[in-house]
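# A closer look at the structure
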Amino acid sequence: MRPSAWAAGPDQAILADGFSCRTQIAASRTGRQARHLAELLATSLSRPGPGPGRVK
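Residues numbered from 1 in each chain as written. Predicted model: local features only at pLDDT ≥ 70, side-chain atom pairs only at ≥ 80, totals over all residues. Heavy atoms only, no water.

### Describing the overall build of the chain
When helices and strands are counted, the chain shows three helices and zero strands. By sequence separation, contacts in the chain at least 24 residues apart represent 18% of the contacts at least 6 residues apart. Total accessible area on the chain stands at roughly 4500 Å², and carbon and sulfur atoms take up 58% of it. (Helix = DSSP H or I, 4+ residues; strand = E, 2+ residues; numbered from the N terminus. Contact = heavy atoms within 4.5 Å. Areas by Shrake-Rupley, 256 points an atom, 1.4 Å probe, with all protein chains shown as cover.)

As structure tokens, this is what we get:
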């Protein structure tokens, strides 16, 4: 998990559904925060404009 968090680019979201996984990533000193799938979906759906699965 940690190598993936370190390898992720600054514009890439880190997905971790489990509480312990998010806690480990937060403690890994990457400066990044993992997010739950529901959080990422909510953010994506609230953004205006075209996107995957959206109707124009």
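### Observations concerning the environment of Ala-26
Inspection of the secondary structure assignment puts Ala-26 in helix α2 (residues 19–26). Note: C-alpha distance between Ala-26 and Ala-5 (21 residues apart in sequence) is 9.6 Å.

### Quick look at the nonpolar core
Looking at soluble globular proteins, one finds that nonpolar side chains tend to be buried together. Ala-5, Ala-8, Ile-14, Ala-16, Ile-25 and Ala-34 together form the largest nonpolar core, which totals six residues. What Ala-16 contacts, discounting residues up to four positions off in sequence, is Cys-21, Arg-22, Ile-25, Ala-34, Arg-35 and His-36. (Core = buried A, V, L, I, M, F, W, Y, C linked by side-chain atoms within 4.5 Å. Buried < 20%, exposed > 50% of the residue type's maximum accessible area, 1.4 Å probe, protein only.)

### Side note on the side chain of Ser-28
Within the secondary structure layout, Ser-28 lies in the loop between α2 and α3 (37–46). Sequence-distant contacts of Ser-28, that is, excluding residues within four places in its chain, are made with Arg-2 and Trp-6.

### Focus on a nonpolar patch on the surface
A cluster of nonpolar side chains, Leu-15, Leu-37, Leu-41 and Leu-45, forms an exposed patch at the surface whose accessible area comes to about 400 Å². Relative to the elements of secondary structure, Leu-15 occurs in the loop between α1 (2–7) and α2. (Patch = residues over 30% accessible without salt bridge, like charges linked within 9 Å, V, L, I, M, F, W, Y side chains within 5 Å. Salt bridge = Lys/Arg side-chain N within 4 Å of Asp/Glu carboxyl O.)

### A look at unusual backbone geometry
Even without glycine at this site, Arg-29 takes up a positive phi of about 65°. What makes Arg-29 exposed here is its relative accessible area of 80%.

### Digging into the side chain of Thr-30
For Thr-30, the location among the structural elements is in the loop between α2 and α3. From its side chain, Thr-30 meets the backbone nitrogen of Arg-32 in a polar contact 3.2 Å long. Filtering out sequence-adjacent residues up to four positions away, Thr-30 remains in contact with Ala-5, Trp-6 and Ile-25. (Polar contact = N/O pair within 3.5 Å; in protein donor to acceptor, adjacent residues only side chain to side chain.)

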